[in-house]
Amino acid sequence: MSHGILIVFEGIDGTGKSTQCKMLAELLSKKGIANISLAEPTRGEWGMKIRRLLTEGRNGVSPEEELAWFINDRKQDVELNINPALNAGKVVLMDRYYFSTAAYQGALGFDPEKIRKDNEKFAPQPDRVLIFHNSPEKSLERIESSREGKSAFEKQDYLMDVQGIFKSFDGPNIRFISSDASLEKVHEQVLREVQDLFELKL
Ligand code: TYD
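Caption draft 1: Geometry of the packing of helix α3 (residues 63–87) against helix α4 (residues 98–105). At a closest axis distance of 11 Å, the pairing of α3 and α4 adopts a crossing angle of 175 degrees. In this view, α3 runs roughly antiparallel relative to α4, as classed from their interaxial angle. Packed against α3, whose contacting residues are Glu-66, Leu-67, Phe-70 and Arg-74, the element α4 presents Tyr-98, Thr-101 and Gln-105 at the interface.

So this is what it looks like as C-alpha cells:
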C-alpha cells in the first residue's frame, strides 16, 4: 500500500505559517505532486464549537472541555481526512495539528508532553513539523496590534507562554523556522527543510 507524506505547519498566529503552507501546496501542485491542505480546528461539528468559543469567549466552558473538544475534532479529522489522504499516497499539508494542542492548552496548565503522547495514540506522527517563530519583538508587535479590551496583557503573556512551549519541542522530525525574513526567503527555507522527503527536486 502506498503511503503519503505528512507535513505540519505550527506556530503562534502572525508567524506566516498559513501563507507558507499555501506556497508549498502551490509548488507541489505545479510539480504534479498530489497534495491536500487541511487545517485544525476543522469546519466539522467540534471545530465549529471551538470557533464559537474563540469568538464568543469561554462562557463557562472549562479548560478540560476545551481540551476535549480539540481532541474530538482531531479524531474526526484523522479518520475522515488525514488517514484516507495518506492511504491514497498524497502529501498532506496541515495548518496546525497536535503540537498546537500541546502548546496552547499546555499554556493553560496541562502537561504539554502528556498532551503530545495522548495525541500520538490516535494521530499519525508527521514526517516533518515546521515550527515558525518570530523574534520576541515582532511577536509582541503582532499580538499588541490584535489586542482587544482589558484582557490584552493576559493574552500577550499567554501567547508568549505558547511560543515558549513551541520552542521546547524536540525530535528528529521537528524543524524551527524564523519567519522574520521575506516570504520568498522563508519559502526557500521551507523547501530546504522538506526536500529530503521527496524524490523530485522541489
Ligand atoms: P487558527 O489557525 O488561528 O484558525 P483560523 O486562522 O482559521 O482562525 O486557529 C484558531 C485558534 O485555535 C488559534 O488561536 C490556536 C487555537 N488552537 C488551540 O488552542 N489548540 C489546538 O489544538 C489548535 C489546533 C488550535
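Caption draft 2: Up close: the sheet that holds strand β5 (residues 174–178). Sheet architecture is open: 5 strands sit in the order β2-β3-β1-β4-β5, paired in parallel fashion. Each end of this open sheet is capped by a strand with a single partner; those strands are β2 (35–39) and β5. In this sheet, adjacent strand axes meet at a mean angle of 20 degrees when their direction is disregarded. Here strand β1 (residues 5–10) pairs with strand β3 (residues 91–95) via 5 bridges, running parallel. Residue pairing across strands places Phe-9 opposite Asp-95, the latter belonging to β3. Strands in contact with helix α8 (residues 183–194) are β1, β4 (128–133) and β5; relative to β5, the strand with the most contacts, it is inclined by about 170 degrees.

Caption draft 3: Focus on the environment of Tyr-104. Inspection of the secondary structure puts Tyr-104 in helix α4. On the accessibility criterion, Tyr-104 (13% relative accessible area) is buried. Along the primary structure Tyr-104 and Leu-67 are separated by 37 residues, whereas in three dimensions their C-alpha atoms are 9.5 Å apart. Beyond its immediate sequence surroundings of up to four residues, Tyr-104 is in contact with Gly-11, Ile-12, Asp-13, Arg-96, Tyr-158, Leu-159, Val-162 and Phe-166.

Caption draft 4: Seen up close, the site of the ligand. As a structural note, the neighbourhood of the ligand is formed by 13 residues, with Asp-13, Arg-51, Arg-96, Thr-101 and Gln-105 the closest of them. Measuring from an oxygen atom of the ligand, one finds a side-chain N or O atom of Asp-13 at 3.0 Å. Within the side chain of Thr-101, a nitrogen or oxygen atom sits 2.6 Å from an oxygen atom of the ligand. Coverage of the ligand by the protein amounts to 76% of the 550 Å² it exposes when considered alone. Mapped by element, the contributors of at least two residues to the shell around the ligand are α2 (45–56), α3 and α4.

Procedures and definitions
Residues numbered from 1 in each chain as written. Predicted model: local features only at pLDDT ≥ 70, side-chain atom pairs only at ≥ 80, totals over all residues. Heavy atoms only, no water. Axes fitted to C-alpha atoms, helices over the stretch in contact; angles between N-to-C directions. Helix = DSSP H or I, 4+ residues; strand = E, 2+ residues; numbered from the N terminus. Parallel < 35°, antiparallel > 145°, perpendicular 65-115°, else oblique. Contact = heavy atoms within 4.5 Å. Pairing = 2+ DSSP bridges. Buried < 20%, exposed > 50% of the residue type's maximum accessible area, 1.4 Å probe, protein only. Near = heavy atom within 4 Å. Polar contact = N/O pair within 3.5 Å; in protein donor to acceptor, adjacent residues only side chain to side chain. Areas by Shrake-Rupley, 256 points an atom, 1.4 Å probe, with all protein chains shown as cover.

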